[in-house]
Amino acid sequence: HSLSMAGFGRLIANIIIMGGGAVGRAFLDAYKQALQNGTTASSLRRAGGGITAQEARSILNVKPSAAPEEVKEAYQRLHNMNDPSKGGSAYLQAKIQNAHDALAEDVSSGPKAADGGSSAEAKAK
């Protein structure tokens, strides 16, 4: 009877060891996938304060189809409203600036404009 218990103990030990290897491999695969997903997500970010064009549009409250002039007007209005010398928020002003920069970068890196290729960034300045 003790011999069968020893065999059973060895069997359990082997299952635990082999199962641990499988769990370890699954964890390693999941970790690699998470790293790859993190890289993909970070590549979607923009240089303008680390925000996407969608986030920038939300901050400036403009539609995806907004013309560069609309973006510039929204930026100027919100930037002036949050001027710290007038009691506004420097934090919000920085967010607005980052949103403007991200959209200017997004538009300038996109296809050429129909007016001879001038970028929205040049118009916004």
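Note that the structure is predicted; figures quoted are calculated from it, not measured. (Residues numbered from 1 in each chain as written. Predicted model: local features only at pLDDT ≥ 70, side-chain atom pairs only at ≥ 80, totals over all residues. Heavy atoms only, no water.)

A. The overall build of the protein chain, seen in detail. A tally of regular secondary structure across the protein chain gives five helices and zero strands. Within the protein chain, the fraction of its 125 residues that count as buried is 19%. (Helix = DSSP H or I, 4+ residues; strand = E, 2+ residues; numbered from the N terminus. Buried < 20%, exposed > 50% of the residue type's maximum accessible area, 1.4 Å probe, protein only.)

B. Region of interest: the side chain of Q93. The residue Q93 is located in helix α4 (residues 90-108) in this model. Those residues within four positions of Q93 in sequence are excluded, and the remaining contacts are H79, N82, D83 and P84. (Contact = heavy atoms within 4.5 Å.)

C. View of helix α3 (residues 68-81). With 14 residues, α3 extends 20 Å from end C-alpha to end C-alpha; this agrees with the ideal 20 Å at 1.5 Å per step. If you check which residues of α3 are buried, you get V71, A74, Y75 and L78. Seen end-on, α3 carries its buried residues on one side only, within an arc spanning 100°. (Expected span 1.5 Å × (residues − 1). Arc of directions from axis to C-beta.)

D. View of unusual backbone geometry. Residues other than glycine seldom take positive phi values, yet N61 does so here, at roughly 60°. In this fold, N61 is placed in the loop between α2 (53-60) and α3.

E. Looking closely at the nonpolar core. Membership of the largest hydrophobic core comes to 14 residues, with the highest contact counts inside it found for A56, L60, V62, V71 and L103. When contributions to this core are tallied by element, the ones reaching two or more residues are α2, α3 and α4. (Core = buried A, V, L, I, M, F, W, Y, C linked by side-chain atoms within 4.5 Å.)

F. Representation of the environment of R77 in the model. Relative to the helices and strands, R77 is located in helix α3. Given a relative accessible area of 46%, R77 falls into the partly exposed group. Linking R77 and L60, residues 17 residues apart in sequence, is a C-alpha distance of 9.5 Å.

G. Quick peek at the environment of A74. Relative to the helices and strands, A74 resides in helix α3. Taking the C-alpha atoms as reference, A74 lies 6.0 Å from L60; in sequence the two are 14 residues apart. Other than its neighbours up to four places away in sequence, A74 contacts L60 and V62.

H. Up close: the side chain of N82. For N82, the location among the structural elements is in the loop between α3 and α4. Among the polar contacts made by the side chain of N82, one reaches the main-chain carbonyl oxygen of L78 at a distance of 2.9 Å. (Polar contact = N/O pair within 3.5 Å; in protein donor to acceptor, adjacent residues only side chain to side chain.)

I. The arrangement of α2 in detail. Buried within α2 are the following residues: A53, A56, R57 and L60. Looking straight down α2, one finds its buried side chains confined to an arc of 100°; they lie on one side. Those residues of α2 that are exposed and angled more than 90 degrees off the buried face are Q54 and S58.

J. Layout of a nonpolar patch on the surface. Residues F8, L11, I12, I15 and I16 make up a contiguous nonpolar surface patch of about 490 Å² in total accessible area. Note that I12 resides in helix α1 (residues 2-44). (Patch = residues over 30% accessible without salt bridge, like charges linked within 9 Å, V, L, I, M, F, W, Y side chains within 5 Å. Areas by Shrake-Rupley, 256 points an atom, 1.4 Å probe, with all protein chains shown as cover. Salt bridge = Lys/Arg side-chain N within 4 Å of Asp/Glu carboxyl O.)

K. Region of interest: the confidence of the model for the protein chain. In the predicted model, the protein chain carries a mean pLDDT of 74, and the fraction of residues at 70 or more is 62%. The secondary structure element of the protein chain with the lowest average pLDDT is helix α5 (residues 120-124), at 42, and the one with the highest is α3, at 93. Across residues 111-125, confidence stays below pLDDT 50; counting only partners more than four residues off in sequence or on other chains, it has 14 contacts. (pLDDT = per-residue confidence, 0-100.)

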